[in-house]
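One letter stands for each residue in the lines below.
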Amino acid sequence: MASPDQTPMPDLTPMPDLTPMPDLTSMLDWRDETIPVSRRFDDPYFSLAGGLDETRHVFLTGNGLPGRFRDGFRIAELGFGTGLNLLAVLLAHRGPGHLHYTSFEAFPLPAPDIARALQAFPEVAGVAEAFLGQWRAGATVLRFAHLTATVILGDARKTLPAWDGQADAWFLDGFSPAKNPELWSVALMAEVARHTALGGTFATYTAAGHVRRALSGAGFTVTRQPGFGRKRHMSVGVKP
Ligand SMILES: C[S@@+](CC[C@H](N)C(=O)[O-])C[C@H]1O[C@@H](n2cnc3c(N)ncnc32)[C@H](O)[C@@H]1O
């Protein structure tokens with residue numbers, strides 16, 4: 001590491017780019033030494049009752065996956081976090097056929113934090129290594145045998161409207177609507193619907209009334225389903 005007197009002058013040129021600088025310092029606390037909690041949002045990255053099981057219950061089963069997987073199937077996600085949802089998809093899909101996964105993330109986590117968080121899930125160890133090898137190298141397009149993932153860095157309120165893709169299934173995985181309201185706004189839910197193929201679906205762990213109304217107002221047929229862990233309900237929907 002450079003000593004203070006060798007530190008180069010910071011570049012003070014104003015950045016026209018709306019993408020925030022990647023967050024290279026750890027902004028996490030650890031509950032029970034294993035569950036990452038965001039200091040910025042004061043909220044855990046996944047359920048205290050078991051992150052991988054929650055992903056499978058909420059995002060996979062909630063979207064009718066893996067049953068709907070076919071060649072070219074497109075998943076999109078709000079909130080990449082530790083990448084656990086991506087890894088659950090990799091475990092659920094071993095081919096044939098190639099999937100596309102696009103995730104929107106404003107505050108990418110440093111690789112050592114992700115590695116520590118994923119240690120709680122020995123089942124994902126193999127795919128986690130393949131993911132982390134690429135993440136450490138700074139890649140935001142991540143290539144696997146039967147899936148290509150693209151992580152779009154920046155505030156989803158700016159990057160999703162500019163995205164020219166469509167999704168067959170959405171994972172809506174912001175922090176809780178009370179703590180991360182910008183990721184659940186009426187305008188953003190309308191963008192989610194606009195970027196959903198006909199017959200496409202969403203799933204989310206929350207059953208908050210204003211989120212359900214926003215998704216329903218955006219054109220989804222929204223239903224409530226049993227939630228995971230201590231959550232009584234979650235929400236799923238289809239774009240008819
Ligand atoms: C609950 S965590 C996602 C957990 C993740 N899916 C996983 O598997 O670990 C919510 C994520 O949303 C991101 N986020 C919060 N506000 C955002 C915004 N305005 N735009 C994009 N990402 C945002 C946070 O940085 C965090 O990574």
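So, here's what we can say about the structure. (Residues numbered from 1 in each chain as written. Predicted model: local features only at pLDDT ≥ 70, side-chain atom pairs only at ≥ 80, totals over all residues.)

To continue, consider the site of the ligand. Looking at the ligand, there are 22 residues lining it, with Gly-79, Gly-81, Thr-82, Leu-84 and Ala-106 nearest. Looking at the shell around the ligand, the elements with two or more residues in it are α2 (84-92), β5 (99-105) and α5 (156-162). Across the shell around the ligand, the residue classes break down as 10 nonpolar, 7 polar and 5 charged. (Near = placed C-beta within 6 Å. Helix = DSSP H or I, 4+ residues; strand = E, 2+ residues; numbered from the N terminus. Nonpolar A, V, L, I, M, F, W, Y, C, P; charged D, E, K, R; others polar.)

Attention now moves to the packing of helix α1 (residues 51-60) against α2. Where α1 meets α2, the closest approach of the two axes is 10 Å, and the angle between their N-to-C directions is 75 degrees. Regarding the angle of α1 to α2, the classification is roughly perpendicular. Between α1 and α2, the contacting residues are Gly-51, Leu-52, Thr-55, Arg-56, Phe-59 and Leu-60 on the first element and Leu-84, Asn-85, Ala-88 and Ala-92 on the second. In the contact of α1 with α2, the residues fall into 6 nonpolar, 3 polar and 1 charged. (Axes fitted to C-alpha atoms, helices over the stretch in contact; angles between N-to-C directions. Parallel < 35°, antiparallel > 145°, perpendicular 65-115°, else oblique. Contact = placed C-beta atoms within 7 Å.)

If you check which residues of helix α6 (residues 186-194) are buried, you get Leu-188, Met-189, Val-192 and Ala-193. For α6, the angular spread of buried residues about the axis comes to 150 degrees, placing them on one side. Elements in contact with the buried residues of α6: α5, β8 (167-172), β9 (196-204) and α7 (209-217). (Buried ≥ 20, exposed ≤ 12 C-beta atoms within 10 Å, placed from the backbone. Arc of directions from axis to C-beta.)

Attention shifts here to the sheet that holds strand β3 (residues 43-44). Read across the open sheet, the 3 strands follow the order β1-β2-β3; overall the sheet is antiparallel. Each edge of the open sheet is held by one strand with a lone partner, namely β1 (28-31) and β3. Relative to β3, strand β2 (residues 35-38) is paired through 2 bridges, and the arrangement is antiparallel. Bridge assignment links Val-37 to a residue of β3, and that residue is Pro-44. (Pairing = 2+ DSSP bridges.)

Orientation of α2 relative to helix α4 (residues 125-136), taken along the N-to-C sense of each, is 125 degrees, at an axis distance of 10 Å. Looking at the two axes, α2 sits oblique to α4. Regarding α2 and α4, the two cross each other, and that crossing is right-handed. Residue-level contacts link Leu-87, Leu-90 and Leu-91 of α2 to Val-127, Ala-128 and Phe-131 of α4. Grouping the amino acids of the contact of α2 with α4 by side-chain chemistry returns 6 nonpolar, no polar and no charged. (Left-handed = near helix turned anticlockwise from the far one by under 90°.)

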